[in-house]
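Chain and residue survey
These are the residues of each chain, in order.
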Amino acid sequence: MNPQQSIPATLIPGDGVGPEITEATLEVLDALGVPFVWDRQVAGMGGVTACGDPLPPACIESIRNTRLALKGPLETPVAGGYRSSNVRLREEFKLYANLRPARTLIPGGRYDNIDLVLVRENNEGLYMGYEHFIPIDGDPHAVGMATGVNTRQGCRRICRFAFDYAIGQGRRKVTVVHKANIMKALTGIFLETAREMYEAEYKGRIGYEEVIVDACAMKLVMNPWQFDVLVTTNLFGDILSDEIAGLVGGLGMAPGANIGEQAAIFEAVHGSAPDIAGKGIANPIALMLAAAMMLDHVSLHDEAARLRRDIDLTLNVDKVRTGDLGGTAGTREFTAALVKRLMTAD
Ligand code: NAI
C-alpha cells in the first residue's frame with residue numbers, strides 16, 4: 001500500500017476510559033504520520049445516551065463502508081438491559097477470527113520472553129446462545145441446557161486463518177486445542193478439519209501439534225514457551241486468551257482484533273474501567289497495541305513495528321509507566337513520553 005494514500009476508518013472512542021485512551025492513541029498515530037481518515041461514531045452507553053441505541057445504524061453503516069475500525073471499550077449492563085454491542089458487531093460483520101497476541105512488555109515478571117498468539121473462533125461453538133431452562137416440579141430452572149454448534153465451514157475458515165497467519169508472520173508452529181476425546185462431535189469436527197487441512201495444504205510449511213484443552217491450560221502455566229500460535233473453538237479460546245494475558249501481566253496491555261471477510265475491528269481487551277474513568281490514569285497501551293495490529297492489517301508493517309518498539313523503550317528505557325504497572329505517570333504523561341520517542345529519529 002502507498003503510505004501516502006488515505007485510509008478511511010471508523011473510530012468508536014467508547015465508554016468509561018475509552019475516550020481518554022482513544023485520544024492518547026490518536027496522538028501516537030499522528031506522531032507516526034499514518035494516513036487514517038477517521039469517521040467518529042458512538043456505540044455502547046455512548047450510543048444509548050446520544051441516540052437511544054447501543055449500536056446505532058450510523059455506526060454499522062460506517063463500518064460497512066470503511067471495513068476497518070478502532071474501538072474503545074463498550075459498556076454492557078449486567079443481567080438485563082441491552083445485548084452486548086461487541087457481540088452484535090461480531091455477528092453483524094461475521095468477525096469469525098479473534099486474534100489475541102500476548103507478548104512480554106516488561107521483563108522481570110513471573111514469565112519472561114512470552115510471545116504467544118491465540119486465534120479464537122468467534123462466531124460458533126457454545127456461544128450461539130441456544131440455551132434454555134426446563135422447569136420441573138415448580139422449579140423454573142430445574143435443568144439448564146445449552147447446545148453448541150460448530151460447522152465444517154466455520155472450522156475450515158478459522159483453521160485456514162490460523163495457518164495462513166502463522167506462516168505470514170514467520171511463526172514456527174500451530175497448536176490445535178480441542179476436547180475431542182469427550183465432545184466427539186462438537187470439537188471432534190474442529191480437530192478433524194484442522195488435521196485434514198494441515199495434511200492436505202500446510203504440511204512442511206509450518207509445525208503442527210494437537211493438545212487437549214485441559215492439558216493445554218496446565219502446560220501454559222508450566223512451560224508457555226513450548227507454544228507459539230494456538231487455534232481453538234470459541235469457549236476454550238475465551239478462557240485461554242485470558243490465561244495467556246495473565247502470563248504477561250494481565251488484561252491492561254492486551255490488544256485484540258476481530259477479523260472477518262467484511263470488516264476488521266481492533267480493540268483493547270479490557271473493559272470501560274468505570275472505577276478510574278475520567279481520572280486521567282488509565283493505561284492506554286492495550287488500545288495502542290490494537291492500533292499496531294490495525295497498522296499490520298493495512299500493511300503498514302514498519303509503522304506497526306516502530307510503535308511496538310517505542311512502547312517498549314518508553315516502558316523499559318525511559319521507565320515511564322502508569323499506575324497499574326507500578327509507575328506514577330498518568331495517561332497524558334505516558335502518551336507524551338511515547339510521542340517524544342516516536343518523534344526522535346533513529
Ligand atoms: P474492566 O476491564 O473495565 O476493569 C477491570 C479492572 O481493570 C478495573 O479495576 C479497571 O480499573 C482495570 N482496568 C481496565 N482497563 C484499564 C486500563 N486501561 N488502565 C488501568 N486499569 C484498567 O472490566 P469490568 O469492570 O468487568 O467491566 C466494565 C465494563 O466494561 C462492563 O460494562 C463490561 O461489560 C465492559 N467490557 C467491555 C469490553 C469491550 O468493549 N471489549 C470488554 C470487557 C468488558
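Cut-off values and rules
Residues numbered from 1 in each chain as written. Predicted model: local features only at pLDDT ≥ 70, side-chain atom pairs only at ≥ 80, totals over all residues. Heavy atoms only, no water. Helix = DSSP H or I, 4+ residues; strand = E, 2+ residues; numbered from the N terminus. Expected span 1.5 Å × (residues − 1). Buried < 20%, exposed > 50% of the residue type's maximum accessible area, 1.4 Å probe, protein only. Contact = heavy atoms within 4.5 Å. Near = heavy atom within 4 Å. Polar contact = N/O pair within 3.5 Å; in protein donor to acceptor, adjacent residues only side chain to side chain. Nonpolar A, V, L, I, M, F, W, Y, C, P; charged D, E, K, R; others polar. Lys, Arg positive; Asp, Glu negative; His and termini not counted. Salt bridge = Lys/Arg side-chain N within 4 Å of Asp/Glu carboxyl O. Pairing = 2+ DSSP bridges. Axes fitted to C-alpha atoms, helices over the stretch in contact; angles between N-to-C directions. Domains from an automatic or database assignment. Buried area = accessible area lost by both parts, 1.4 Å probe. 1 Å grid on protein atoms, 1.4 Å probe; cavity = no way out; pocket = protein on both sides within 12 Å on 5 of 7 lines; lining within 4 Å. Points joined across faces, edges and corners; volume = space filled by probe spheres on them.

Attention shifts here to helix H11 (residues 331–343). The end-to-end C-alpha distance of H11, which contains 13 residues, comes to 18 Å, matching closely the 18 Å that a straight helix rising 1.5 Å per residue would cover. Turning to H11, its buried residues are Thr-331, Phe-334, Thr-335, Ala-337, Leu-338, Val-339 and Leu-342. Elements that come into contact with the buried residues of H11 comprise helix H1 (18–32), helix H9 (285–297) and helix H10 (301–316).

This part is about the environment of Ile-244. Structurally, the position occupied by Ile-244 is in helix H8 (residues 234–247). Once the C-alpha coordinates of Ile-244 and Gly-46 are considered, the two residues, 198 residues apart in sequence, prove to be 30 Å apart. The contacts of Ile-244, once residues within four sequence positions are left out, are Arg-100, Ala-102, Leu-116, Leu-118 and Leu-220.

Attention now moves to the site of the ligand. Around the ligand sit 18 residues, and of these Leu-74, Asn-86, Gly-271, Ala-273 and Asp-275 come closest. Here Thr-76 contributes a backbone N or O atom positioned 2.9 Å from an oxygen atom of the ligand. Here an oxygen atom of the ligand and a backbone polar atom of Gly-271 are 2.7 Å apart. When grouped by side-chain class, the residues that make up the shell around the ligand number 7 nonpolar, 6 polar and 5 charged.

This paragraph deals with the side chain of Arg-90. Within the element layout of this structure, Arg-90 appears in helix H4 (residues 85–92). No salt bridge is formed by the buried Arg-90; its nearest oppositely charged neighbour, Glu-267, is found at 5.1 Å. For Arg-90, the contacting residues outside a window of four places in its chain are Leu-95, Arg-120, Asn-122, Asn-123 and Asn-258.

Here we take up the sheet that holds strand S8 (residues 173–178). Across the sheet, 10 strands lie side by side as S2-S1-S3-S12-S11-S4-S5-S10-S8-S9; this open sheet has mixed pairing. For this open sheet the edge positions go to strand S2 (36–40) and strand S9 (207–212), each flanked by a neighbour on one side alone. For this sheet the average axis-to-axis angle between neighbouring strands, irrespective of direction, equals 25°. Pairing of strand S4 (residues 97–103) with strand S11 (residues 255–259), which is carried by 3 bridges, proceeds in the antiparallel orientation. By the bridge assignment, Ala-97 is partnered in S11 with Ile-259. Across the sheet, H1 lies against strand S1 (7–12), S2 and strand S3 (68–71), angled at about 160° from S2, the strand it touches most. The strands that helix H5 (residues 152–168) touches are S4, strand S5 (115–121), S8, S9, strand S10 (229–232) and S11; relative to S5, the one it contacts most, it runs at about 160°.

The next thing to look at is the domain arrangement of the protein chain. We note that the domain assignment places domain 1 (1–93 + 262–346) and domain 2 (99–249) within the protein chain. Each of domain 1 and domain 2 has a C-alpha centre, and the two are 25 Å apart. Listed per partner, the contact involves 12 residues of domain 1 and 10 residues of domain 2. For the pair domain 1 and domain 2, the two sides together bury roughly 940 Å², of which 58% comes from carbon and sulfur. The three residues of domain 1 that bury the most area against domain 2 are Arg-90, Val-269 and Met-293, which together make up 47% of that side's buried surface. The partner of Asp-312 in a salt bridge is Arg-103, and the shortest N-O contact between them spans 3.5 Å.

So, on to the layout of surface pockets. In this model, the largest pocket occupies a volume close to 530 Å³. When contributions to the lining of the largest pocket are tallied by element, the ones reaching two or more residues are S4, S5, H5, S11, H9 and H10. Of the residues assigned to the lining of the largest pocket, the class counts are 14 nonpolar, 4 polar and 5 charged. Shared between two domains, the lining of the largest pocket holds at least three residues of each, these being domain 1 (1–93 + 262–346) and domain 2 (99–249).

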